[in-house]
Amino acid sequence: MVELQALIFDVDGTLADTERDGHRVAFNRAFAEAGLDWDWSVELYGKLLAVTGGKERIRHYLDTYNTDFQRPAKLDEFIAGLHKAKTRHYTELLATGAIPLRPGVKRLLEEASEAGLRLAIATTTTPENVDALLQHTLGANWQQVFELIAAGDIVPAKKPAPDIYHYTLEHMQLTAPQCLAFEDSENGILATRAADLATLVTVNSYTHDHPFAEAAIVLDSLGEPGAPFTVLQGQADSFDYVNVEFLKYLHRQAYP
Ligand code: XBP
Ligand code: MG
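Residues numbered from 1 in each chain as written. Chains lettered and ligands numbered in written order. Predicted model: local features only at pLDDT ≥ 70, side-chain atom pairs only at ≥ 80, totals over all residues. Heavy atoms only, no water.

Observations regarding the pattern of salt bridges
Keep this limit in mind: Salt bridges are counted wherever a side-chain nitrogen of Lys or Arg sits within 4 Å of a carboxyl oxygen of Asp or Glu. To qualify as a helix, a DSSP run of H or I must reach at least 4 residues; to qualify as a strand, a run of E must reach at least 2; elements of each kind are numbered from the N terminus. With a 1.4 Å probe rolled over the protein chains alone, any residue whose accessible area is under 20% of its type maximum counts as buried; one over 50% counts as exposed, and the rest are partly exposed.
Considering all chains together, one arrives at 16 salt bridges under this definition. Its salt-bridge partner being Asp10, residue Lys159 comes within 2.9 Å of it at the nearest N-O pair. With a gap of 149 residues between them, Lys159 in the loop between β3 (148-151) and α7 (163-172) and Asp10 in the loop between β1 (6-9) and α1 (19-33) connect regions that are remote in the sequence. Per residue, the accessibility class of Lys159 equals that of Asp10, and both read buried. Put simply, Lys55, Glu56, Asp153 and Lys158 are held in one network by salt bridges that share partners.

Okay, here's the thing in structure tokens:
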């Protein structure tokens, strides 16, 4: 029987609800600063989330929702400049403590560390953004919690491609059955499943209607003692919050 050795976490939407009140706001601030009249509403942003990666999302917006925009000759540089400004606005916003971790995240990270599980991050967002979120939620030594932080442009293709998960498994010298992945979105689970990873999904307001047929389980949150999760798909036995025992249970179900 294969033993559970590592947990691999997505960041945006999974560790924290960063999209609506974090990334979206930062994009809009960058657009305003550049003198653009683009305004990504909560609703439009939900549609734009179909494409992962900030630079890729801006390009998708121009291709699909703002086709009349007079594109500058050097479009790649223009988008890169906007994205750099967006990262600055995002990290400034996060530094105010605007976005907390989702329920159960800090507790589970601590419990998993104590139980000797290896922890990693596999995200589409930039390393600066991961740092901004985790500095202000886990503290200055947050990098010690994770063995590997796989983020941003280090792989050629972003989620739903499995590249960032393949990179993580390769660098930690792990096989997929030794791990569980944590995701919140369709693009996320497409990436984990293409890397053969069993996946625990916690949905959020942008992703609760996404298809998660291949998830090991779908929950509304990780839950806390006294503040149980709701199971949206799958079996949780008698557990009502996610702890290491529950993860081992889930892992046994995935690899009987
Ligand atoms: C989240 C994303 C990111 C952020 C923006 O991916 O799709 O694109 O919205 O981040 P994940 P950047 O859930 O895999 O972390 O602007 O830094 O690309
Ligand atoms: Mg996500």
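Digging into the sheet that holds strand β7 (residues 231-233)
Rule in force here: A pair of strands is labelled paired if DSSP reports no fewer than 2 bridges between them. The angle between two axes is taken between their N-to-C directions and runs from 0 to 180 degrees, where each axis is a line fitted to C-alpha atoms and a helix contributes only its stretch in contact.
Pairing is mixed in the open sheet, where 7 strands are placed in the order β3-β2-β1-β4-β5-β6-β7. The sheet is open, and its two edges are formed by β3 and β7, each paired on a single side. On average, adjacent strands in this sheet sit at an angle of 25° to one another, irrespective of strand direction. Across 4 bridges, the pairing between strand β4 (residues 179-183) and strand β5 (residues 198-202) is parallel.

Thoughts on the pairing of β1
Residues Ala6 and Ile8 point to one face of β1 and Leu7 and Phe9 to the other, with burial holding for every one of them. Pairing of β1 with strand β2 (residues 118-123), which is carried by 4 bridges, proceeds in the parallel orientation. Among the inter-strand pairings, Leu7 is bridged to a residue of β2, identified as Leu119. Looking at chain direction, β1 and β4 are connected through 4 bridges and run parallel. Across the sheet, residue Ile8 finds its bridge partner in β4, namely Ala181.

Regarding helix α4 (residues 75-95)
Cut-off, in case you're wondering: In this scheme, a helix's expected span is set at 1.5 Å multiplied by one less than its residue total. Whether two residues are in contact is decided by their heavy atoms, any of which lying within 4.5 Å being enough.
With 21 residues, α4 should cover 30 Å at 1.5 Å per step; its first-to-last C-alpha distance of 30 Å lies within 8% of that length. Listed as buried for α4 are Leu75, Ile79, Leu82, His83, Ala85, Lys86, Thr87, His89, Tyr90, Leu93 and Leu94. The elements touched by buried residues of α4 are α1, α3 (54-64) and α6 (127-138). Positive phi shows up at Gly97, right after α4, with a value of about 75°.

Remarks on the packing of aromatic side chains
We count it as follows: When the centres of two rings from Phe, Tyr and Trp lie within 6.5 Å, Trp using its six-membered ring, the rings pair. Their planes under 30 degrees apart give stacked, over 60 give edge-to-face, and anything left gives tilted. We count a charge as sitting over a ring when the NZ of a lysine or the CZ of an arginine lies within 6 Å of the ring centre and within 35 degrees of the ring normal.
As enumerated under the stated definition, the model contains 18 aromatic pairs in all. Put simply, the rings of Phe27, Phe31, Trp38, Trp40, Tyr45, Tyr61, Phe69, Phe78 and Tyr206 touch in pairs and so form one group of aromatic residues. Note that Lys86 overlies the ring of Phe27, its terminal NZ or CZ placed 4.5 Å from the centroid. A cation sits over an aromatic face here: Lys86 above Tyr90, 5.3 Å from the ring centre.

Examining the site of ligand 1
Rules: Residues are counted as near a molecule or strand when any one of their heavy atoms sits within 4 Å of it. Whenever a nitrogen or oxygen atom comes within 3.5 Å of another N or O atom, the pair is scored as a polar contact, on the condition that within protein one atom can donate a hydrogen and the other can accept it, and that pairs from neighbouring residues in sequence are kept only if both atoms are in side chains. Shrake-Rupley sampling with a 1.4 Å probe provides the accessible areas, and residues are treated as covered by the protein chains on show and by no other component.
Around ligand 1, a shell composed of 18 residues is seen, among which Gly54, Arg57, His83, Lys86 and Thr123 lie nearest. In this structure, Asn129 approaches ligand 1 through a side-chain N or O atom, which is 3.0 Å from an oxygen atom. Between ligand 1 and Lys159 there is a distance of 2.8 Å, counted from an oxygen atom to a side-chain nitrogen or oxygen. With the chains in place, 96% of the 450 Å² that ligand 1 exposes on its own is no longer accessible.

Regarding the environment of Lys159
Exposure remark for Lys159: the relative accessible area of 5% places this residue in the buried category. For the pair Lys159 and Thr192, spaced 33 residues apart in sequence, the C-alpha separation works out to 8.8 Å. Leave out the neighbours within four places in its chain, and Lys159 touches Asp10, Thr52, Ala122, Thr123, Thr124, Ile164, Tyr165, Glu183, Asn187, Gly188 and Ala191.

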